[in-house]
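# An overview of the molecular structure
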Amino acid sequence: SWTPLLRWVGGGLLGVYLAAGVYHYRYVYRLFLGLWSPHEYLEKMERTISAAEWVNRNLPLGSKILLAGEPRQFYFERPLVRNEFLTYRTHYDQHRVDPPSLKEFLKSLGITHLLLAERLGARPDGTDRGVLRELAESRWVTHLESIQSRNIRDDLYRYQIYQLN
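Residues numbered from 1 in each chain as written. Predicted model: local features only at pLDDT ≥ 70, side-chain atom pairs only at ≥ 80, totals over all residues. Heavy atoms only, no water.

## What about the overall build of the protein?
Counting secondary structure elements, the protein contains seven helices and five strands. The order of helices and strands in the protein, counted from the N terminus, is α-α-α-α-β-β-α-α-β-α-β-β. A compact globule built from 165 residues should have a C-alpha radius of gyration of about 15 Å, whereas the protein, at 22 Å, is more than 25% larger. The principal-axis extents of the C-alpha atoms in the protein amount to approximately 80 × 35 × 25 Å. Partitioning the intrachain contacts of the protein with sequence separation of at least 6 by distance along the chain shows that 58% fall at a separation of at least 24. By element, 57% of the accessible surface of the protein is carried by carbon and sulfur atoms, the whole surface being about 10,300 Å². Charge-centre separation for the protein: the mean point of 22 positive side chains lies 5 Å from the mean point of 18 negative side chains. (Helix = DSSP H or I, 4+ residues; strand = E, 2+ residues; numbered from the N terminus. Rg over C-alpha atoms; globule rule 2.2 N^0.38 Å. Contact = heavy atoms within 4.5 Å. Areas by Shrake-Rupley, 256 points an atom, 1.4 Å probe, with all protein chains shown as cover. Lys, Arg positive; Asp, Glu negative; His and termini not counted. Charge placed at Lys NZ, Arg CZ, Asp CG, Glu CD.)

Following this line, the structure appears as structure tokens:
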């Protein structure tokens, strides 16, 4: 009869499935069991939390931030404009723009700050931020902070925060 074999195979598959679930949710269990605080969980699992906390603590409520190289926006409490959407709508990146002109263009949109994200390590993210990098390295902005993510999953990022002068 096939019944004992099917029970053995079914039990083995169930064991593999349960082990995979335990492995997949291993970090959530640390939170659930009280081994990590909610803040510690966020710091280790969400790469943007350090930058978001700095922005929320230090930038005025009326700030509007151009975010380049980072799609995650969950914990930021200031309005954000993703660079990918801005370039799609305005095509500003397709014109040779000098830093003072770019600064004035961004200010005309109400943007007061830049947040440039850079993936650390060997894998580039494929995003060309040349004109924004030129602006960031110019006298038309003030560098406010450099923050490195502390997440234990995914790639690590460095976030550079600038104020438009």
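## Some thoughts on helix α4 (residues 49–58)
A large share of α4 lies buried, amounting to seven of its ten residues. Within α4, burial applies to Ile49, Ser50, Ala51, Ala52, Trp54, Val55 and Asn56. Where α4 is buried, its residues touch α3 (38–45), β1 (65–68), β3 (113–119), β4 (141–148) and β5 (157–164). (Buried < 20%, exposed > 50% of the residue type's maximum accessible area, 1.4 Å probe, protein only.)

## Topic: the nonpolar core
The tendency in soluble globular proteins is for nonpolar side chains to be buried as a group. Counting 17 residues, the largest nonpolar core has Leu66, Leu102, Leu106, Leu114 and Leu132 as its most contacted members. Contributions of two or more residues to this core are made by β1, α6 (99–108), β3, α7 (130–136) and β5. No other element matches the four residues that α7 contributes to this core. In contact with Leu106, other than residues within four places in its own chain, are Leu66, Leu86, Ile111, Leu114, Leu132, Leu135 and Leu164. Within the second largest apolar cluster, 15 residues are counted, among which are Val55, Leu67, Ala117 and Tyr159. (Core = buried A, V, L, I, M, F, W, Y, C linked by side-chain atoms within 4.5 Å.)

## Considerations on the pairing of β3
Counting buried residues in β3 gives five out of seven residues, a clear majority hidden from the surface. The sheet contact formed by β1 and β3 spans four bridges and is parallel. Across the sheet, Ile65 pairs through a bridge with His113, a residue of β3. One ladder, built from seven bridges, connects β3 with β5; its direction is antiparallel. Within β5, the position partnered with Leu116 by the bridge is Gln160. (Pairing = 2+ DSSP bridges.)

## Comments concerning the sheet that holds strand β2 (residues 80–82)
Pairing is mixed across the open sheet formed by five strands, whose spatial order is β2-β1-β3-β5-β4. A single partner strand is all that each edge strand has here, and the edge strands are β2 and β4. On average, adjacent strands in this sheet sit at an angle of 20° to one another, irrespective of strand direction. Strand direction decides the pairing type here: β1 and β2, joined by three bridges, are parallel. Within β2, the residue paired with Leu67 across the bridge is Arg82. This element, helix α5 (residues 83–90), spans β1 and β2 of the sheet and lies at about 65° to β2. (Axes fitted to C-alpha atoms, helices over the stretch in contact; angles between N-to-C directions.)

## Focus on the pattern of salt bridges
Inspection of every chain in the model, using the stated rule, returns eight salt bridges. One salt bridge in this structure joins Glu118 and Arg158, with 3.6 Å as the shortest N-O distance. Of this pair, Glu118 sits in strand β3 while Arg158 sits in strand β5, and the two are 40 residues apart along the sequence. Here Glu118 falls in the partly exposed class, since its relative accessible area comes to 33%. Judged by its relative accessible area of 27%, Arg158 is partly exposed. (Salt bridge = Lys/Arg side-chain N within 4 Å of Asp/Glu carboxyl O.)

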